[in-house]
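Take a look at the letters that make up each chain.
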Amino acid sequence: MVDHGKAKRQEIRLLNRRLLEVTGVTNVDSFDSEAFLLETELGFLHVKGQNLHIKSLDLDQGTVAIEGSVNSLSYLDGAGPDKSKGFLGKLFK
């Protein structure tokens, strides 16, 4: 659960499109070799790519490192016409 008393903070570091490091992660909702859905303090973050896998995960510290070929990062914030769809509906539009 997110602590509302603290300021929300997130850092995303992408090194050569091969190593993605994210802080502020509260949960890994789903993942496979082509997509990750991360729940973060700032919303759901969708990572797309190829040959993706978790290098490290520490939910106590709120960090995840993903290796593979990263093609895109996007936040699913519920704004716009897709608001009525669930998160899975947004992923498979």
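None of these values were measured; they are calculated from a predicted model. (Residues numbered from 1 in each chain as written. Predicted model: local features only at pLDDT ≥ 70, side-chain atom pairs only at ≥ 80, totals over all residues. Heavy atoms only, no water.)

J.: Pulling in residues and values, what's your account of the overall build of the chain?
T.: In terms of regular secondary structure, the chain is built from one helix and six strands. In sequence order, the chain lays out its α and β elements as β-β-β-β-β-β-α. By residue count, 31% of the 93 residues in the chain fall in the buried class. Excluding contacts between residues fewer than 6 apart, the proportion of contacts in the chain whose partners are at least 24 apart in sequence is 40%. (Helix = DSSP H or I, 4+ residues; strand = E, 2+ residues; numbered from the N terminus. Buried < 20%, exposed > 50% of the residue type's maximum accessible area, 1.4 Å probe, protein only. Contact = heavy atoms within 4.5 Å.)

J.: Let's hear about the sheet that holds strand 2 (residues 19–23): which residues, and what values?
T.: Pairing between the strands of a sheet comes from backbone hydrogen bonds, and it takes one of two forms, parallel or antiparallel. Read across the open sheet, the six strands follow the order 1-2-6-5-4-3; overall the sheet is antiparallel. Pairing within the sheet leaves two strands with one partner each, and these edge strands are strand 1 (12–15) and strand 3 (25–31). For this sheet the average axis-to-axis angle between neighbouring strands, irrespective of direction, equals 35°. (Pairing = 2+ DSSP bridges. Axes fitted to C-alpha atoms, helices over the stretch in contact; angles between N-to-C directions.)

J.: Explain the pattern of salt bridges to me, and be specific about the residues and the numbers.
T.: As enumerated under the stated definition, the model contains two salt bridges in all. Two residues, Glu-11 and Arg-9, come together in a salt bridge whose shortest N-O distance is 2.3 Å. Using a relative accessible area of 40% as the deciding quantity, one classes Glu-11 as partly exposed. A salt bridge links Arg-13 to Glu-21; its shortest N-O distance comes to 3.0 Å. Look at Glu-21 and you get partly exposed, because its relative accessible area is 29%. (Salt bridge = Lys/Arg side-chain N within 4 Å of Asp/Glu carboxyl O.)

J.: Give a detailed account of the nonpolar core, specifying residues and quantitative values.
T.: Counting twelve residues, the largest nonpolar core consists of Leu-20, Val-22, Val-25, Val-28, Phe-36, Leu-38, Leu-45, Val-47, Leu-52, Val-64, Ile-66 and Val-70. For this core, the elements supplying multiple residues, two or more each, are strand 2, strand 3, strand 4 (35–40), strand 5 (43–58) and strand 6 (63–76). Residues in contact with Val-28, not counting those within four places in the same chain, are Phe-36, Leu-37, Leu-38 and Leu-57. (Core = buried A, V, L, I, M, F, W, Y, C linked by side-chain atoms within 4.5 Å.)

J.: A description of a nonpolar patch on the surface should follow, citing residues and the corresponding values.
T.: A cluster of nonpolar side chains, contributed by Ile-12, Leu-14, Leu-42, Leu-73 and Tyr-75, occupies part of the molecular surface with about 410 Å² of accessible area. Looking at the nonpolar patch, the elements that each hand over two or more residues are strand 1 and strand 6. With relative accessibility at 46%, the residue Leu-42 sits in the partly exposed group. (Patch = residues over 30% accessible without salt bridge, like charges linked within 9 Å, V, L, I, M, F, W, Y side chains within 5 Å. Areas by Shrake-Rupley, 256 points an atom, 1.4 Å probe, with all protein chains shown as cover.)

J.: So what's going on with the confidence of the model for the chain? Residues and values would help.
T.: Overall, the prediction assigns the chain a mean pLDDT of 85, with 76% of residues at 70 or greater. When pLDDT is averaged over each helix and strand of the chain, the minimum, 56, is found for helix 1 (residues 87–91) and the maximum, 98, for strand 2. Low pLDDT, under 50, characterises residues 79–84; the predicted model gives this stretch three contacts beyond four residues in sequence or across chains. (pLDDT = per-residue confidence, 0-100.)

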